[in-house]
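Chains, contacts and geometry: an overview
This is what each chain is made of:
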Amino acid sequence: MPHLAVPGAELAYESAGHASEPALVLLHSGIATMRMWEPQVPALTAGHLVVRLDARGFGATRHDGAPYSDRDDVRSVLDHLGIERATIIGAGRGGTTALDLALESPDRVAGVVTVGAGPSGFPGLPLSDEEHRRIDELDDAFAASDWRRLARLETALWAAGSNRLESDLDPEFVAIAHGIAAANVAHAEEAASPEPLEPPAYGRLGDIRIPALVLVGEYDLGPTRAHYEHLLDALPEATGFSFPDAAHLPNLERPAEFELVLLGWLGERGL
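A few points on the structure. Predicted model only: the values in this text are computed from it and were never measured.

The subject of this paragraph is the overall build of the protein. Of the regular secondary structure elements, the protein holds nine helices and nine strands. Over its C-alpha trace the protein gives a radius of gyration of 17 Å, about what one expects of a compact globule, namely 18 Å for 271 residues. Across its three principal directions, the C-alpha atoms of the protein cover 45 × 40 × 40 Å. Across the 271 residues of the protein, 51% fall into the buried class. Across the protein, every contact between residues at least 6 apart in sequence was considered, and the portion connecting residues at least 24 apart equals 74%. On the protein, roughly 11500 Å² of surface is accessible, and the fraction owed to carbon and sulfur atoms is 52%.

Structure, rendered in structure tokens:
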């Protein structure tokens, strides 16, 4: 796997497809790595140049804990590959980065896709009683520095959603989600100093005047579903889709349907 040396880090990334095709950048969620996009790569590379990378603190990327910007890291990979403009597709934290990048570098972003994500600076929202209980479990594991248990609990919460049990889901999907998340345990004690976008994206989404596709799973957590509704309302050129019988990782839980929606939207927008 190639690595790109940038100040304070060596970014793990991969690219596939032909350089003459429109570029897509895939950014992973906070319970995953670039491997979460494996099911989509064959279909996307048929007509696109597809780039993936692991953020600092995730997967195969190495870093020294120095302050950094996720937006800078994405731009550095684009520059290294000679890509002037791309559609940024981000899940969870990756979707937040995609929106921030569209605001900070509009000349580099042709379109934006968010999956279970919200804008930076979004006000805190109340949780359900069950969500509170599950978050308390995460806090207990964190306080005990039980990083493997923390990763298992966090993945179980987000991959299944707060209103479903893992035992009710496809065992293969559950195993894949946990397997991808396990790669991040090695980074649990690393210091991370991400520099936020100032001012944040919340309240500025009307400035993102490019095609936007906003996706969510119907069983994702309550705040995430509220983010979905807000993005649909605030982004001038937004199209939305909610995946039934999926939570935070619809591309892994419902890959065929996810590809149909994403490729259809990209084709309609010429991206």
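Turning to unusual backbone geometry, a few remarks are in order. A cis amide bond links Glu 198 to the next residue, Pro 199, at an omega of -10 degrees. Of note in this structure, Ser 145 is not a glycine but carries a positive phi near 55 degrees. With respect to the helices and strands, the residue Ser 145 is situated in the loop between helix H4 (129-143) and helix H5 (147-160). Its identity as a non-glycine residue notwithstanding, Asp 245 has a phi of 55 degrees, on the positive side. Its location among the elements puts Asp 245 in the loop between strand E9 (238-243) and helix H8 (250-253). Note on Asp 245: relative accessible area 38%, which makes it partly exposed.

Let us look at the packing of aromatic side chains. The description of an aromatic ring pair rests on the distance of the ring centres and on the angle between the ring planes. One pass over the structure, following the stated rule, counts five aromatic pairs. Seen in terms of ring centroids, Phe 142 and Trp 147 are 5.5 Å apart; in terms of plane orientation they differ by 70 degrees. Their pairing is edge-to-face. Classification of Trp 147 as buried rests on a relative accessible area of 18%. Taken together, a centroid distance of 4.8 Å and an interplanar angle of 70 degrees make the contact between Phe 241 and Phe 243 edge-to-face. Overall, Phe 241 belongs to the partly exposed group, its relative accessible area being 28%.

Another point: helix H9 (residues 255-269). Helix length check: H9 (15 residues) gives 21 Å between terminal C-alpha atoms against 21 Å at 1.5 Å per residue, within 8%. The set of residues buried in H9 consists of Phe 258, Glu 259, Val 261, Leu 262, Trp 265 and Leu 266. Down the axis of H9, the buried side of the element spans an arc of 165 degrees, and every buried residue falls inside it. In H9, the exposed positions that point more than 90 degrees away from the buried face belong to Ala 256, Leu 260, Gly 267 and Glu 268. Count one or two residues on from H9 and you reach Gly 270, which has phi positive near 65 degrees.

For the rest of this paragraph, the subject is helix H2 (residues 70-80). Within H2 the residues assigned to the buried category are Asp 70, Arg 71, Asp 73, Val 74, Arg 75, Val 77 and Leu 78. With a side-chain oxygen positioned 3.1 Å from the backbone nitrogen of Arg 71, the residue opening H2 is Ser 69. Directly after H2, the chain includes Gly 82, whose backbone phi takes a positive value near 70 degrees.

Procedures and definitions
Residue positions are counted from 1 within each chain, in the order its sequence is given. Selection of residues for local features in this predicted model requires a pLDDT of at least 70, selection of side-chain atom pairs for listing and counting requires 80 or more, and totals for whole chains, interfaces and linings are taken over all residues. Note: side-chain values were computed over all heavy atoms of the structure, leaving out hydrogens and water. Helix numbering and strand numbering both begin at the N terminus, where a helix is a DSSP run of H or I of at least 4 residues and a strand a DSSP run of E of at least 2. As defined in this context, the radius of gyration uses C-alpha atoms, and a globule is described by 2.2 Å times the residue total to the power 0.38. Only protein chains enter the area calculation, which uses a 1.4 Å probe; residues under 20% of their type maximum are buried, those over 50% are exposed, and those in between are partly exposed. Contacts are residue-level and defined by heavy atoms, with any inter-residue pair within 4.5 Å sufficient. Each accessible area is a Shrake-Rupley estimate made with a 1.4 Å probe; only the visible protein chains count as cover when residues are assessed. Geometry of aromatic contacts follows a simple scheme: Phe, Tyr and Trp rings, the Trp one being its six-membered ring, pair when their centres are within 6.5 Å, and the pair is stacked under 30 degrees between planes, edge-to-face over 60, tilted otherwise. Expected helix span is taken as 1.5 Å per residue step, with the number of steps being one fewer than the number of residues. Think of it as the arc spanned by the lines of direction from the helix axis to the C-beta atoms. Counting of polar contacts relies on pairs of N or O atoms within 3.5 Å, with two restrictions inside protein: one atom must be capable of donating a hydrogen and the other of accepting it, and residues adjacent in sequence are counted only when both atoms are side-chain atoms.

Geometry only, nothing functional implied.
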